[in-house]
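# Examining the three-dimensional arrangement
Below are the chains, spelled out letter by letter.
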Amino acid sequence: FVSDGRSLGIHESAAGRTRMLEPGVYALSNHLLDTPWPKVEVARQRFIAALNGPQVDDAFLDLLLDDQPAPDQKLPSTGLSLEWERLMSPVFVRAPGYGTRSSTLLFVRRDGAARLSEWTWNENAELAGEASHSFHVTLPPQDEDRNDTASTK
């Protein structure tokens, strides 16, 4: 992801370009941005619901810890066996020798106050570490806040 504090983009390595995003809610998994996998769709819906709630970490972390597999009829066809498609389908993956190892939340308010929280998980999907850092981001002024004058030649 790339940002100047007012706009957000994503560098798509497969395409070799950076794409700027319109305002909205996006979801990213182990494929391209907004690939319509069940876990991406479920996470996006729950994220929107959490945004409309009291905005406490618990609601966001709960959605990141969702280990409910998708129904077979909604599984994507990524080339994995049906068993592995099922194991990979939840937001929080728990599989033999493979799984979610970290969950991260980054909040940046309009005034620049920011907080990054991260949880790490061991091979048994147990909490192995937790960190939270608060900081301030200097944001550029919004267009209507600028006192720039334009000149023409």
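Residues numbered from 1 in each chain as written. Predicted model: local features only at pLDDT ≥ 70, side-chain atom pairs only at ≥ 80, totals over all residues. Heavy atoms only, no water.

## Considerations on the overall build of the protein
Helices and strands together make up the secondary structure of the protein, namely three helices and eight strands. Over its C-alpha trace the protein gives a radius of gyration of 19 Å, far above what one expects of a compact globule, namely 15 Å for 153 residues. For the protein, the spread of C-alpha atoms along the principal axes amounts to about 65 × 35 × 25 Å. The 153 residues of the protein split such that 27% are buried. Considering only residue pairs separated by 6 or more positions, the protein has 30% of its internal contacts joining residues 24 or more positions apart. For the protein, the exposed surface amounts to about 10,700 Å²; the carbon and sulfur share of it is 52%. Considering the protein, the positive charge centre built from 15 side chains and the negative charge centre built from 22 side chains are found 4 Å apart. (Helix = DSSP H or I, 4+ residues; strand = E, 2+ residues; numbered from the N terminus. Rg over C-alpha atoms; globule rule 2.2 N^0.38 Å. Buried < 20%, exposed > 50% of the residue type's maximum accessible area, 1.4 Å probe, protein only. Contact = heavy atoms within 4.5 Å. Areas by Shrake-Rupley, 256 points an atom, 1.4 Å probe, with all protein chains shown as cover. Lys, Arg positive; Asp, Glu negative; His and termini not counted. Charge placed at Lys NZ, Arg CZ, Asp CG, Glu CD.)

## A short note on the environment of E130
Looking at where E130 falls in the secondary structure, it is placed in strand β8 (residues 127-136). Overall, the relative accessible area of 58% leaves E130 in the exposed class. Along the primary structure E130 and T120 are separated by ten residues, whereas in three dimensions their C-alpha atoms are 6.3 Å apart. Of note is the side chain of E130, whose polar atom sits 3.2 Å from the side chain of W119. (Polar contact = N/O pair within 3.5 Å; in protein donor to acceptor, adjacent residues only side chain to side chain.)

## Quick look at the packing of aromatic side chains
Applying the stated criterion across every chain, the model contains three aromatic pairs. On the basis of an interplanar angle of 75° and a centroid distance of 5.4 Å, the ring pair of F60 and F107 is categorised as edge-to-face. Here F60, found in helix α2 (residues 57-64), pairs with F107, found in strand β6 (residues 102-108); they are 47 residues apart in sequence, far enough to count as distant. (Phe/Tyr/Trp six-rings, centres within 6.5 Å; stacked < 30°, edge-to-face > 60°.)

## Quick notes on unusual backbone geometry
Despite not being glycine, D34 shows a phi value in the positive range, around 65°. Along the chain, D34 falls in the loop between β3 (17-21) and α1 (38-51). The class for D34 is partly exposed, based on a relative accessible area of 24%. Phi at A125 is positive, roughly 65°, even though this residue is not glycine. Along the chain, A125 falls in the loop between β7 (113-121) and β8.

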